[in-house]
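# What the coordinates show
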Amino acid sequence: EDMISYFFPPKLLLAMEKNLARAKTLAQDPREQARIRLVEREFVYLQNLASVFYFYHAYRLSPSWELFEPLAKAIEARNALIDSWYDAKGKMKIEDGWPRFFDNEPKSFVKTGGRLTGELSTPFNWNVAALRERKVLPGVGRKVATVPRLKGPVTLDGKVDEAAWNGLATESLGEIGLGDLREPTRFRMGWDDTGITFAFECQWSDLPAADPDVKGRDGSAWSQECLEVFIDPFGERETFFHFIFNPVPNSCYDECFGFVTDPISPLYGKADKSWNGAWQYATVIDRERKAWSAEVRIPFAALGVEAPKPGNTWCMNLGRENYVLDPATGSRGRTESIELSLWSPNLEARSFGTPAAFGELVFGE
């Protein structure tokens with residue numbers, strides 16, 4: 001973003017566009033015309049790329065529908081432009097005898113920036129049609145939910161069948177950037193005098209063929225099917241606790257962030273992976289229904305805080321990583337085959353642990 005914006009300011013782009021238009025009127029030789037078409041192809045790509053950045057700069061300064069719309073149209077124009085370079089089979093079209101435009105890379109590679117100095121992400125990965133339809137402005141507003149008091153005991157067995165869950169509101173995770181979601185996830189939550197408890201129900205189409213590994217305590221639980229919980233009990237978005245667990249026992253990870261305040265410490269501004277909290281989880285895998293469920297109990301004492309009072313507000317986010325099975329190879333784990341879902345969406349960074357995207361959790365009666 002910085003490179004393109006620095007080297008190609010709007011004034012220069014307008015001059016380049018004017019020069020290109022003049023060159024097109026002057027070229028008479030078919031070879032010159034073919035070369036200009038190639039120059040135009042690359043210039044239109046560059047012009048659109050820079051325009052997205054400039055519209056995004058304006059939008060970030062003052063998020064509004066008036067500034068979102070020109071940005072959205074530039075993103076759609078870019079997607080349509082790149083789509084026009086490929087045939088129905090996804091192969092790049094060869095025009096004017098020059099086959100090496102973008103080295104004939106696949107469309108997904110070109111849409112994320114090709115061989116630029118860094119991969120393009122926000123706002124190029126926004127689903128602008130979904131944002132318009134759902135009337136969601138990226139970076140504006142956050143999810144808010146009320147967590148009620150549990151009306152009875154919960155046996156932590158992962159079955160989500162206790163009477164205490166009956167009648168509690170069900171929330172859902174959505175695709176991290178409000179795109180289409182393949183595997184839905186629902187959850188309920190409740191609290192008592194000693195802690196907060198979550199109940200998850202996850203659809204998993206690939207479950208019959210899945211075989212989750214046991215990662216142990218503080219193993220790489222994030223490298224396979226997992227659920228994640230982020231809790232900021234202080235509501236200031238500066239410190240939080242992070243919990244990850246898999247559909248199998250003894251396969252979880254936890255850490256805390258922002259509690260090291262000494263600026264010369266190696267952990268300053270980083271996650272403290274050595275932190276271990278006294279929390280519990282239990283899961284049940286149902287291969288026949290292609291689903292798994294979980295119950296998670298996080299005591300207030302594990303977070304170093306007293307029990308909240310009704311009306312108190314914490315910050316929270318819940319996420320799921322679903323590693324989609326590739327039917328052609330039978331493998332998982334490639335970046336493009338991971339479906340990320342999040343309770344409070346994060347369109348800006350498309351990551352889970354961004355406190356600015358955390359939703360608000362209000363403790364009810």
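Let us look at the structure shown here. (Residues numbered from 1 in each chain as written. Predicted model: local features only at pLDDT ≥ 70, side-chain atom pairs only at ≥ 80, totals over all residues. Heavy atoms only, no water.)

### Section: helix H3 (residues 30-61)
Quick note on the threshold: Starting at the N terminus, helices and strands are each numbered in turn, a helix being any DSSP run of H or I of at least four residues and a strand any DSSP run of E of at least two. Each residue after the first adds 1.5 Å to the expected span of a helix. Polar contact criterion, stated in full: a pair of N or O atoms within 3.5 Å, where within protein one must be able to donate a hydrogen and the other to accept it, and residues adjacent in sequence count only if both atoms are side-chain atoms.
Helix length check: H3 (32 residues) gives 46 Å between terminal C-alpha atoms against 46 Å at 1.5 Å per residue, within 8%. For H3, the N-terminal cap is Asp-29; the gap from its side-chain oxygen to the backbone nitrogen of Arg-31 is 2.7 Å.

### A short note on the pairing of strand S7 (residues 240-245)
Our working rule: For every residue, the accessible area obtained with a 1.4 Å probe (protein chains only) is divided by the maximum for its type, and the residue is called buried under 20%, exposed over 50%, and partly exposed between those limits. By the convention used here, strands pair only if DSSP detects at least 2 bridges between them.
Counting buried positions along S7 gives six out of six residues, so the element sits mostly inside the fold. Burial along S7 is two-sided: Phe-240, His-242 and Ile-244 facing one way and Phe-241, Phe-243 and Phe-245 facing the other are all buried. The pairing of strand S6 (residues 226-232) with S7 spans five bridges and is antiparallel. In the sheet register, Ile-231 faces S7, and the bridge partner there is Phe-241. Here S7 pairs with strand S8 (residues 251-257) via six bridges, running antiparallel. Counterpart to Phe-240 in the pairing with S8 is Phe-257.

### Considerations on the pairing of S8
Extensive coverage of S8 is indicated by the burial of six of its seven residues. Sheet topology note: the strand S5 (residues 216-217)/S8 ladder contains two bridges and is parallel. Residue Arg-217 lies in a different strand from S8, and its bridge partner there is Cys-252. Connecting the antiparallel pair S7 and S8 is a turn made up of five residues, with Asn-250 showing a positive phi of about 55 degrees. Two strands pair when backbone bridges link them, and S8 and strand S9 (residues 271-272) are joined in this way by two bridges, in the antiparallel orientation. Bridge pairing in S9 places Phe-257 opposite Ala-271.

### Structural notes on unusual backbone geometry
Residue Pro-123 is bonded to the preceding Thr-122 through a cis peptide linkage, with omega at 0 degrees. Residue placement: Pro-123 occurs in the loop between helix H5 (107-111) and helix H6 (128-134). The phi angle at Val-160 is positive, at roughly 55 degrees, despite the residue not being glycine. Summarising the element assignment, Val-160 is placed in the loop between strand S1 (144-147) and strand S2 (171-175).

### A look at the pattern of salt bridges
How we decide: Salt bridges are identified by distance alone: a Lys or Arg side-chain nitrogen within 4 Å of an Asp or Glu carboxyl oxygen.
Summed over the entire model, instances satisfying the criterion amount to 17 salt bridges. Residues Lys-24 and Glu-40 are paired through a salt bridge, measuring 2.9 Å at the closest nitrogen-oxygen approach. Here Glu-40 lies in helix H3 and Lys-24 lies in helix H2 (residues 10-26), a separation of 16 residues in the sequence. Accessibility expressed as a relative area gives 43% for Lys-24, which makes it partly exposed. By relative accessible area, which is 24% here, Glu-40 ends up partly exposed. Note that Arg-297 and Asp-192 form a salt bridge whose closest N and O atoms lie 3.0 Å from each other. Pair noted here: Arg-297 is in strand S11 (residues 291-299) and Asp-192 is in the loop between strand S3 (185-191) and strand S4 (195-203), with a separation of 105 residues, a long-range link. Asp-192 gets classed as partly exposed once you look at its relative accessible area, which sits at 22%. Through salt bridges with shared partners, a single ionic network connects Glu-69, Glu-76 and Arg-132.

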